[in-house]
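One letter stands for each residue in the lines below.
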Amino acid sequence: MTHPTPDAPCQPSSDHAVGLAWAARDDSPERASLLSSAELGGPCDAQAGVTSGYLLWRDGALPQAVERIGRSLMHLRQQPPACGSDGA
């Protein structure tokens, strides 16, 4: 199954906070949490939600992790990532 992709690659706001959060998820989970939390509710919400869900899973909060990641994946399947595509 293929999904539509944006014309421009996702360029997260806040100095690429979502990418930095994902990169820091294992070595610095506190930093990753701060970075991803700052993007929740914004244009990078779905991407930040995946990182946030991963961190919830790491902390043993499986039901919350499943809910967060599931919501993010549904959003990403319905539409391509919005962060950065409008010059944000």
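What comes next concerns the included structure.

About the cut-offs
- Residues numbered from 1 in each chain as written.
- Predicted model: local features only at pLDDT ≥ 70, side-chain atom pairs only at ≥ 80, totals over all residues.
- Heavy atoms only, no water.
- Helix = DSSP H or I, 4+ residues; strand = E, 2+ residues; numbered from the N terminus.
- Buried < 20%, exposed > 50% of the residue type's maximum accessible area, 1.4 Å probe, protein only.
- Contact = heavy atoms within 4.5 Å.
- Areas by Shrake-Rupley, 256 points an atom, 1.4 Å probe, with all protein chains shown as cover.
- Axes fitted to C-alpha atoms, helices over the stretch in contact; angles between N-to-C directions.
- Parallel < 35°, antiparallel > 145°, perpendicular 65-115°, else oblique.
- Left-handed = near helix turned anticlockwise from the far one by under 90°.
- Nonpolar A, V, L, I, M, F, W, Y, C, P; charged D, E, K, R; others polar.
- Core = buried A, V, L, I, M, F, W, Y, C linked by side-chain atoms within 4.5 Å.

**Topic: the overall build of the protein chain**
On a plain count of helices and strands, the protein chain comes out with four helices and zero strands. Each helix and strand of the protein chain, ordered N terminal to C terminal, gives the series α-α-α-α. Residue burial in the protein chain is summarised as follows: out of 88 residues, 28% are buried. If you take every contact in the protein chain between residues at least 6 apart in sequence, the share linking residues at least 24 apart comes to 53%. Accessible surface, the protein chain: about 5500 Å² in total, of which carbon and sulfur atoms supply 56%.

**Some thoughts on the packing of helix H3 (residues 45-58) against helix H4 (residues 62-78)**
Packing of H3 against H4 leaves a shortest axis separation of 8 Å and a crossing angle of 160°. Of the possible angle classes, the one that applies to H3 and H4 is roughly antiparallel. In terms of crossing hand, the pair formed by H3 and H4 is left-handed. Residue-level inspection shows Asp45, Ala46, Gln47, Gly49, Val50, Ser52, Gly53, Tyr54, Leu56 and Trp57 of H3 in contact with H4, the latter providing Leu62, Gln64, Ala65, Arg68, Ile69, Ser72, His75 and Leu76. When its residues are assigned to classes, the contact of H3 with H4 shows nine nonpolar, seven polar and two charged.

**Observations regarding the environment of Asp45**
Relative to the helices and strands, Asp45 is located in helix H3. Separated by 27 residues in the primary sequence, Asp45 and Ser72 have C-alpha atoms spaced 7.6 Å apart. Apart from the residues lying within four places of it in its own chain, the contact partners of Asp45 are Glu39, Leu40 and Ser72.

**A word on the nonpolar core**
Grouped together as the largest cluster of nonpolar side chains are seven residues: Ala17, Ala21, Ala24, Ala32, Leu35, Tyr54 and Leu55. For this core, the leading source of residues is helix H1 (residues 13-24), giving three residues. Beyond its immediate chain neighbours, meaning those up to four positions away, Ala24 contacts Pro29, Arg31 and Ala32.

**A few points about the packing of helix H2 (residues 29-39) against H3**
It is the contact of H2 with H3, at a shortest axis distance of 8 Å, that shows an interaxial angle of 145°. Of the two elements, H2 crosses H3, and the hand of that crossing is left-handed. Only Asp45, Ala48, Thr51, Ser52, Leu55 and Arg58 of H3 make contact with H2, whose side of the interface consists of Pro29, Ala32, Ser33, Ser36 and Glu39. Residues of the contact of H2 with H3, tallied by class, amount to four nonpolar, four polar and three charged.

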